[in-house]
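If you want the building blocks of each chain, they are given just below.
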Amino acid sequence: MKTINCYLLLLCWEAIYGNICELSNITIAVEKEECRFCISVNATWCSGYCFTRDPVYKYPPVSSVQQTCTFKELVYETVKIPGCADHAESFYSYPVATECHCESCDTDNTDCTVRGLGPK
């Protein structure tokens with residue numbers, strides 16, 4: 001009986017605290033055609049799991065909103081790429097997430113897949 005209670009408690013905990021959307025470290029390769037070097041920069045971005053559900057029976061008038069792990073706030077950082085030609089712009093700006101959360105996918109700033117590509 002204790003084992004069943006323990007599994008039930010674990011299942012409830014996962015349902016309540018199941019959203020694990022957090023900052024994670026990534027490495028971005030930065031290059032420009034006019035520059036001789038490619039550099040790597042470290043940044044943070046959002047990744048993880050957001051609780052969502054996909055109904056078995058689709059009812060067209062009612063849309064199913066899928067949650068995705070995305071940035072709540074972001075800043076742009078700038079790095080100078082070495083070895084650029086004299087007339088070339090040697091600075092490169094890239095986004096860095098500072099806070100994450102689960103939200104419906106915003107197609108203005110995110111590539112949202114509506115349907116899967118299917119088997120290959």
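Residues numbered from 1 in each chain as written. Predicted model: local features only at pLDDT ≥ 70, side-chain atom pairs only at ≥ 80, totals over all residues. Heavy atoms only, no water.

As recorded in an unreviewed UniProt entry, the chain goes by Follitropin subunit beta and comes from Terrapene triunguis. Recorded under Subcellular location (unreviewed entry), the UniProt text for the chain is reproduced unchanged: "Secreted". (UniProt positions renumbered as here; feature names shortened; annotations may be inferred.)

(A) Region of interest: the nonpolar core. Ranked by size, the top nonpolar core spans 11 residues in total: Val30, Cys35, Ile39, Val41, Ala43, Val79, Ile81, Cys84, Ala88, Tyr94 and Val96. Elements with a contribution of two residues or more to this core: β2 (39-49) and β4 (91-104). For this core, the element with the most residues is β2, which contributes 3 residues. By size, the runner-up hydrophobic cluster in this structure holds 7 residues, among which are Cys50, Cys69, Ala97 and Cys100. (Core = buried A, V, L, I, M, F, W, Y, C linked by side-chain atoms within 4.5 Å. Buried < 20%, exposed > 50% of the residue type's maximum accessible area, 1.4 Å probe, protein only. Helix = DSSP H or I, 4+ residues; strand = E, 2+ residues; numbered from the N terminus.)

(B) Quick look at the pattern of salt bridges. A full pass over the atoms with the stated rule returns 1 salt bridge. Of the charged contacts in the structure, one is a salt bridge between Glu99 and Lys72, with a shortest N-O distance of 3.9 Å. Of this pair, Glu99 sits in strand β4 while Lys72 is found in strand β3 (residues 67-80), placing the two residues 27 residues apart along the sequence. (Salt bridge = Lys/Arg side-chain N within 4 Å of Asp/Glu carboxyl O.)

(C) Molecular detail of the state of the cysteines. Overall, the coordinates contain 4 disulfides when judged by the stated rule. Here Cys21 engages in a disulfide with Cys69; their sulfurs sit 2.1 Å apart. Handedness of the Cys21-Cys69 disulfide follows from its S-S torsion of about 85°: it is right-handed. Taken together, the residues span a long stretch of sequence, with Cys21 in strand β1 (residues 20-30) and Cys69 in strand β3 at a distance of 48 residues. Here Cys21 falls in the buried class, since its relative accessible area comes to 16%. Bridging Cys46 to Cys100, the disulfide has an S-S length of 2.0 Å. Taking the sign of the S-S torsion, about -90° here, the bridge from Cys46 to Cys100 comes out left-handed. Here Cys46 is found in strand β2, whereas its partner Cys100 is found in strand β4, with 54 residues between them in sequence. Taking relative accessible area as the criterion, Cys46 reaches 9% and is therefore assigned buried. Note on Cys100: relative accessible area 15%, which makes it buried. (Disulfide = S-S within 2.5 Å.)

(D) Representation of the side chain of Ser90 within the structure. Looking at the secondary structure, you find Ser90 in the loop between β3 and β4. Look at Ser90 and you get buried, because its relative accessible area is 11%.

(E) Fine view of the packing of aromatic side chains. If you walk through the whole model with that rule in mind, you get 1 aromatic pair. Consider the rings of Trp45 and Phe71, whose centres lie 5.4 Å apart with planes at 50°: the pair is tilted. With Trp45 in strand β2 and Phe71 in strand β3, the pair connects residues that are 26 residues apart, well separated along the chain. With a relative accessible area of 18%, Phe71 lands in the buried category. (Phe/Tyr/Trp six-rings, centres within 6.5 Å; stacked < 30°, edge-to-face > 60°.)

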